[in-house]
Amino acid sequence: SFDGLSENSKKNYLVFYKRLLKILGTDSVIEHSNKYILDKLKELEISPHSINSFLTVIIRIKRNAGVNIDDILSYRQGILFSKIENYKKEKNEQLNNILPSYDKIEQYTKQLLNDNNLIDYIINYLLINYGVRNADLNLTITNDKSVILKKNIEKKNYLYYTKRYIIYQRNDYKTVSTYGKLSYKIINLSFINAVSILLGSKNNCELLLNCDVDNKITQVSQVGNKVQKATYDELGETKYFKILIRHHKENGDIEKIRFLSQSRGTDLTTIFNYYDIKST
């Protein structure tokens, strides 16, 4: 039923499948009518997004078994879609009221530099200027020019350091299969200096490991925790990106939003559907 999806997507849907079986008190989705399942889901006090995930599981399984699902699709495209839109609007209004301003996280980033907290400064600088995800910051700082050459096919992210500029190159990020290798030249002197100090006399070092070559990040959750703790009030990269989009939208800077779309590797439709917390 789930052929064609990534392994992570399959794991996520498996979690919902197991929860669904417990809700239905059964070991089979097929044996229950569409109406019975929908009624059970409507009783749950969970977000409409979670209901939608349950429906995705049900639709795939029943469709694969040749069962008619028109009533489920009708509910999903009608009532549930409206609930999702209202839920999103409500949550966005809440976020808009509590999230700090762009100026606040920019000031925080500058203060990190003043406090000589170089690793957190670099993390925040890249988040603010390129709108990247957690995994994009799992990178190697290096002075080895070969990493930015075409012949290098390693699926890794780099800050290639020179005294005059830095190349931020990403070969390992969520949408690399769509957008390919992304590379940006950074000439900000404060940023170059921070990277230079971290690298020191070494040829390579890992940013999220405090440039300790004896350690290794092995889990995605470790990357996310490290990045979140580095951000203002531990907001994390997703909320940072929402702050960026709100700020540039308020300033009418669509070109900057287009740049962030390209640098993050996310299309504009997705950005305005999922990261735009300003309704107007």
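Just so it is clear, the structure is predicted and the values come from calculations on it, not from any experiment.

(A) Structural context of helix α11 (residues 254–264). Considered for burial, the residues of α11 that qualify are Ile257, Leu260, Ser261, Ser263 and Arg264. Of the surrounding elements, those touching the buried residues of α11 are α6 (118–130), β3 (166–170), β4 (182–186), α10 (237–250) and α12 (268–274). Just beyond α11, the residue with positive phi is Gly265, at close to 80°.

(B) Structural context of helix α4 (residues 70–98). With 29 residues, α4 should reach 42 Å at 1.5 Å per residue; the first-to-last C-alpha distance of 41 Å fits that figure. Roughly 40° is the biggest bend found in α4, and it falls at Leu80. Inspection of α4 places Ile72, Leu73, Tyr75, Leu80, Ile84, Asn92 and Leu95 among the buried residues, and these make up the whole buried set.

(C) The nonpolar core, seen in detail. If you look at the biggest cluster of nonpolar residues, it comprises 52 residues, and the most contacted ones within it are Ile122, Leu126, Ile141 and Phe191. For this core, the element with the highest residue contribution is α6, accounting for 10 residues. Setting aside anything within four residues of it in sequence, one finds Ile122 in contact with Leu159, Phe191, Ala194, Val195, Leu198 and Leu207. Within the second largest apolar cluster, 22 residues are counted, among which are Phe2, Leu24, Ile58 and Ile84.

(D) Representation of the side chain of Asn157 within the structure. Tracing the backbone shows Asn157 in strand β2 (residues 157–161). At 3.3 Å, the side chain of Asn157 forms a polar contact with the backbone oxygen of Ala135. Within polar-contact distance, the side chain of Asn157 engages the backbone nitrogen of Asp172 at 3.0 Å.

(E) Layout of the packing of helix α2 (residues 34–42) against helix α3 (residues 48–64). Interhelical geometry of α2 versus α3 gives an angle of 165° and a closest axis separation of 11 Å. As far as their axial angle goes, α3 and α2 are roughly antiparallel. Considering only the axes of α2 and α3, their crossing is right-handed. For the pair α2 and α3, contact is made by Asn34, Ile37, Leu38 and Leu41 and by Ile51, Phe54, Leu55, Ile58 and Lys62, respectively. Tallied by class, the residues present in the contact of α2 with α3 amount to seven nonpolar, one polar and one charged.

(F) Just the pairing of β2, in detail. Most of β2 is tucked away, with five of its five residues classed as buried. Of the two faces of β2, the one lined by Asn157, Leu159 and Tyr161 and the one lined by Tyr158 and Tyr160 are each fully buried. Sheet analysis places strand β1 (residues 139–142) next to β2, joined by four bridges and oriented parallel. Residue pairing in the sheet places Thr142 in a bridge with Tyr160 of β2. Pairing analysis gives five bridges linking β2 to β3, with the strands arranged antiparallel. When the sheet's bridge partners are listed, Tyr161 is paired in β3 with Ile166. Between the end of β2 and the start of β3, which pair antiparallel, lie four residues.

How each quantity is defined
- Residues numbered from 1 in each chain as written.
- Predicted model: local features only at pLDDT ≥ 70, side-chain atom pairs only at ≥ 80, totals over all residues.
- Heavy atoms only, no water.
- Buried < 20%, exposed > 50% of the residue type's maximum accessible area, 1.4 Å probe, protein only.
- Helix = DSSP H or I, 4+ residues; strand = E, 2+ residues; numbered from the N terminus.
- Contact = heavy atoms within 4.5 Å.
- Expected span 1.5 Å × (residues − 1).
- Bend = angle between axes of the 7 residues up to and from the residue.
- Core = buried A, V, L, I, M, F, W, Y, C linked by side-chain atoms within 4.5 Å.
- Polar contact = N/O pair within 3.5 Å; in protein donor to acceptor, adjacent residues only side chain to side chain.
- Axes fitted to C-alpha atoms, helices over the stretch in contact; angles between N-to-C directions.
- Parallel < 35°, antiparallel > 145°, perpendicular 65-115°, else oblique.
- Left-handed = near helix turned anticlockwise from the far one by under 90°.
- Nonpolar A, V, L, I, M, F, W, Y, C, P; charged D, E, K, R; others polar.
- Pairing = 2+ DSSP bridges.

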